[in-house]
Amino acid sequence: MTFTRVCGIDDVGPLGKNSFYLMDVGIEVLILRDRQGVMRAFEGVCPHEDYPLVEGHFDGSTITCAAHGWIIDGITGKGVSPASCRIAAYPLKVEGGDIFVDFDNQLEN
């Protein structure tokens, strides 16, 4: 596994979400902090029309796309509405106040 530094923990913000475009990787990554404080990394755009998910509402459990209302599980990346959608989930680790993501391996979701 090759982990890439994405941001610092404090960069995720008080709402428990933030996104970062990593030019070296060519991926928009969405970092979410759920209600229990667990951090997760996902593909940062809605699969419907590539709208940035960071613009959506995150309630600590699901994220709702601001463009068309698609709802995605913030733990697994699976679609809630519609159930057929999904976003890629990536392994994430926290070390010394920094968040690292492995873009070479997608998590099963």
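Residues numbered from 1 in each chain as written. Predicted model: local features only at pLDDT ≥ 70, side-chain atom pairs only at ≥ 80, totals over all residues. Heavy atoms only, no water.

**Q** Hey, could you run me through the overall build of the protein chain in this one?
**A** Within the protein chain, the secondary structure is distributed over zero helices and 11 strands. Taken from N to C terminus, the helices and strands of the protein chain fall in the order β-β-β-β-β-β-β-β-β-β-β. A globule of 109 residues ought to have a C-alpha radius of gyration of about 13 Å, and the protein chain, at 13 Å, matches this closely. Considering only C-alpha atoms, the protein chain reaches an extent of 35 × 25 × 25 Å along its principal axes. Expressed as a percentage of the 109 residues in the protein chain, the buried residues total 40%. In the protein chain, of all internal contacts separated by at least 6 residues, the share reaching a separation of at least 24 is 42%. With the model as given, the accessible surface of the protein chain reaches about 5800 Å², and the carbon-plus-sulfur share is 48%. One finds the centroid of the 8 positive side-chain charges in the protein chain at a distance of 6 Å from the centroid of its 16 negative side-chain charges. (Helix = DSSP H or I, 4+ residues; strand = E, 2+ residues; numbered from the N terminus. Rg over C-alpha atoms; globule rule 2.2 N^0.38 Å. Buried < 20%, exposed > 50% of the residue type's maximum accessible area, 1.4 Å probe, protein only. Contact = heavy atoms within 4.5 Å. Areas by Shrake-Rupley, 256 points an atom, 1.4 Å probe, with all protein chains shown as cover. Lys, Arg positive; Asp, Glu negative; His and termini not counted. Charge placed at Lys NZ, Arg CZ, Asp CG, Glu CD.)

**Q** What is the right way to look at the nonpolar core in this model?
**A** Most often, soluble globular proteins keep nonpolar side chains buried together rather than apart. Formed by 15 residues in total, the largest nonpolar core has its most connected members in Val 6, Val 29, Ile 31, Tyr 90, Ile 99, Val 101 and Phe 103. Listing elements by their share of this core, those giving two or more residues are strand E1 (3-8), strand E2 (17-22), strand E3 (27-33), strand E4 (39-43) and strand E11 (98-102). It is E3 that provides the largest number of residues to this core, a total of three residues. Cys 46, Phe 58, Ile 63 and Ile 87 belong to the second-largest nonpolar core, a separate cluster that totals 13 residues. (Core = buried A, V, L, I, M, F, W, Y, C linked by side-chain atoms within 4.5 Å.)

**Q** Even after reading the chapter, I still don't get the side chain of Ser 19, so can you show me in this structure?
**A** Looking at the element boundaries, Ser 19 is found in strand E2. On the accessibility criterion, Ser 19 (16% relative accessible area) is buried. Within polar-contact distance, the side chain of Ser 19 engages the side chain of Glu 28 at 2.8 Å. The residues contacting Ser 19, other than those within four sequence positions of it, are Glu 28, Val 29, Leu 30 and Val 54. (Polar contact = N/O pair within 3.5 Å; in protein donor to acceptor, adjacent residues only side chain to side chain.)

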